[in-house]
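# Reading the structure
Below are the chains, spelled out letter by letter.
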Amino acid sequence: QVQLAESGGGLVQAGGSLRLSCRASGRTFSSFVVAWFRQAPGKEREFLAATWSSGRTGYTDSVKDRFTISIDNAKNTVFLQMNSLKPEDTAVYYCAADPAPKAGAYDYWGQGTPVTVSS
């Protein structure tokens, strides 16, 4: 089992930045794919970025030039650096982990951290 805890959300003005953290307990991230998702009110959950144990990263097109996913293995924490935030980035942000996610299905999820971007 692995428990995930996100932090770092909050209120920010458009154009600003936030760094979200996802800390794992129970197991290390070293053998997991770790991803960030978000869900805005009334919308479906959206994949944002993922990092593999090989160091490979992947992003959805809408954030790839503004968001950066990274991992600190010593702290067992994955980060999502979000720059040039827009009001449409307002959502609850979740991290997820899985040894081998199939069709985007992850076994472990955090509780989410809300992000509000004001215009």
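Structure first, text after, so check above.
The sections below set out a description of the structure shown in this document.

Thresholds applied
Per chain, residues are indexed from 1 in the order of the written sequence. Only residues with pLDDT of at least 70 get local features here, since the model is predicted, and only at 80 or more are side-chain atom pairs given and counted; chain-wide, interface and lining totals rely on the full set of residues. The side-chain figures draw on all heavy atoms in the structure; neither hydrogens nor water molecules are used. Think of it in three bands: with a 1.4 Å probe and only protein chains considered, a residue is buried below 20% of the maximum accessible area for its type, exposed above 50%, and partly exposed in between. A run of H or I in DSSP becomes a helix once it reaches four residues, and a run of E becomes a strand once it reaches two; helices and strands are each numbered from the N terminus. Two strands make a pair as long as DSSP finds a minimum of two bridges between them. Residues enter a nonpolar core if they are buried and are Ala, Val, Leu, Ile, Met, Phe, Trp, Tyr or Cys, with the set joined through side-chain atoms within 4.5 Å. Contacts are assigned to residue pairs with any non-hydrogen atoms lying within 4.5 Å of each other.

### Remarks on the pairing of strand 8 (residues 77–82)
Most of strand 8 is tucked away, with five of its six residues classed as buried. Judged from the six bridges that link them, strand 3 (residues 18–25) and strand 8 form a sheet pairing that is antiparallel. Paired with Cys22 across the bridge in strand 8 is Val78. Alignment of strand 7 (residues 67–72) against strand 8, held across six bridges, turns out to be antiparallel. From the neighbouring strand, Ile71 faces strand 8, where its bridge partner is Val78. In this structure, the hairpin formed by strand 7 and strand 8 is closed by a connection of four residues, where Asn76 is found at a positive phi of approximately 50 degrees.

### Focus: the nonpolar core
Among the nonpolar cores identified, the biggest contains 28 residues, and Leu4, Phe29, Trp36, Leu80, Met82 and Tyr93 are the most heavily contacted of them. Elements represented by at least two residues in this core include exactly strand 3, strand 4 (33–39), strand 5 (46–51), strand 7, strand 8, strand 9 (91–98) and strand 11 (113–118). If sequence neighbours within four positions are ignored, Tyr93 has contacts with Glu6, Leu20, Trp36, Phe37, Arg38, Leu48, Phe67, Leu80, Met82, Gly112, Thr113 and Val115. Counting residues in each nonpolar core, the second largest holds six residues, with Val33, Ala35, Ala50 and Tyr106 among its members.

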